[in-house]
Amino acid sequence: MKLKGWKNNKDSEEDKLLNEINAILPSNIDWKKGAKAYLRQLVEKKGEHNIRYHLIKPFLGGPDFNPFFIDFYNFLNIVQKLDLEMKSRVIDVGCGSGWLAYYLGKMGHTTLGIDISEELIELARKRVESDPYPPFIEFDWKVSFMVCDLEESTPRVDEPFDAAIFESVLHHFYNPIAVLRNVSSILKPEGVIAISEGHMPEKNTSNFKENLELMRTYGTIERPFTRKQLKQILSIAGFNHFQFYNPVNGLFTQNHRIAERVYRTIVTDNYFNIVLASRSETAFRKYVQQEKDYDMLESGIHIVTGCYERETSPEGKIYRWSGPECRLRTENVKRFDLVLSSHCPHYTHQPQCIRIFIDNSPYQTIDFDEEKSTLSLDIALNSSSCIIDIVSENCFSPKWYQQMDSRLLSFMIGCEHIKLFK
Ligand SMILES: C[S@@+](CC[C@H](N)C(=O)[O-])C[C@H]1O[C@@H](n2cnc3c(N)ncnc32)[C@H](O)[C@@H]1O
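Residues numbered from 1 in each chain as written. Predicted model: local features only at pLDDT ≥ 70, side-chain atom pairs only at ≥ 80, totals over all residues. Heavy atoms only, no water.

Regarding the site of the ligand
Logical step 1: In the vicinity of the ligand lie 19 residues, with Lys 57, Gly 94, Asp 115, Asp 149 and Glu 167 positioned nearest.
Logical step 2: Between the ligand and Gly 94 there is a distance of 2.9 Å, counted from a nitrogen atom to a backbone nitrogen or oxygen.
Logical step 3: Leu 150 has a polar backbone atom sitting 3.0 Å from a nitrogen atom of the ligand.
Logical step 4: Protein chains shield 88% of the accessible area of the ligand, which is 590 Å² for the free molecule.
Logical step 5: In terms of residue class, the shell around the ligand is made up of eight nonpolar, five polar and six charged. (Near = heavy atom within 4 Å. Polar contact = N/O pair within 3.5 Å; in protein donor to acceptor, adjacent residues only side chain to side chain. Areas by Shrake-Rupley, 256 points an atom, 1.4 Å probe, with all protein chains shown as cover. Nonpolar A, V, L, I, M, F, W, Y, C, P; charged D, E, K, R; others polar.)

The structure is reproduced here in structure tokens:
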């Protein structure tokens, strides 16, 4: 298949990548026809209720609520991360029946949903028109929809947009780079895009086979990307500043084992490709900055659980108060000075025993009393990522001593002289 305006220079990085990502597509399928006729085909094959499903999406009303949770969590996570100003201008790319455009409109944003399918756009319009309750900060909806093939053309708009969201969309395009370019031309230079979709499954797994089957049945492209491919797609399209995320949602009991599971989900799971990207480094810095401020004791030493906000001592040292247990995780740290101190023996008039564990093995026991309540430990680590638990049975609350502060405090931790693995 050859797309209009797509130069066929076999050696260009873009063409090599397009050949790579499209190699698994079944041949002799008219993908545009499939995308335009998807809803009709679905109704013919699976029944009329699919119209209703598209109108109430993402509220499946299942027996299986999982897809609803995933869609809604991902949407909320992205909206929270984008941190849009009130009344921003947002594009819902490949909007389908328009649920993202609708909810963004409810939040008071001006939204434009774009899709190749006239039938889906008709449902999207119906969804908004049939809701008599516009957002409370406006007297009217500012949600509109447009039929457009985003691979072939740039939509005509009066004003550029602040952000574009691609929910389960990018993997449907034969040439995702062309789509990113077309969308980027109606974004402000400091505009941000958010992409949220599944990661390419391993070859010959049931998910992989299911995607092939769907492509043959409906003539729609179901070909997710590997993380590496998506990074290349973004770079070639000029979105050189990006940050990938892993979602963790739900309610968690406050214990280390659960925290450990959450930690592993964040660092090892790769079911999703969720990414924020921009062409402008300055515009993007705010997202990366948010990340960097995320509970770090020091560069390379993350706080998993247990510590309160950072404070600065009168001598200018940065430290954190911890409750009776805290857990740190190091990344690429070879050696560091861990500074431990405590006011606990002064308040409780009891000795305080603090135990340190590295990767679940006892590392050191420290005894503090009213005479000696500070210590600097030189900790050398064997592997580039370690879990460090610091545990004490004693604690106190300033509130017990008629102060306003109701935290439960046990010891203070800080770091100095950190050496990184190279
Ligand atoms: C899986 S659906 C996702 C729809 C919507 N974002 C949602 O979450 O419900 C993918 C959408 O991409 C649209 N699409 C596919 N090719 C397109 C193209 N060339 N231009 C615009 N939209 C396209 C499809 O019509 C479909 O609505």
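So much for the structure itself; the text now carries on.
Looking at the domain arrangement of the protein
Logical step 1: When cut into domains, the protein gives domain 1 (24-292) and domain 2 (296-420).
Logical step 2: When each unit is reduced to the centre of its C-alpha atoms, the spacing between domain 1 and domain 2 is 42 Å.
Logical step 3: At the interface, five residues of domain 1 touch ten residues of domain 2.
Logical step 4: Taken together, the connections running from domain 1 to domain 2 amount to one salt bridge.
Logical step 5: Where Arg 327 meets Glu 260, a salt bridge forms, and the shortest distance between an N and an O atom there is 2.7 Å.
Logical step 6: If you tally residues by element for the side of domain 1 that touches domain 2, the top one is helix 10 (residues 256-268), at four residues.
Logical step 7: Its residues assigned to classes, the side of domain 1 that touches domain 2 comprises two nonpolar, one polar and two charged. (Domains from an automatic or database assignment. Contact = heavy atoms within 4.5 Å. Salt bridge = Lys/Arg side-chain N within 4 Å of Asp/Glu carboxyl O. Helix = DSSP H or I, 4+ residues; strand = E, 2+ residues; numbered from the N terminus.)

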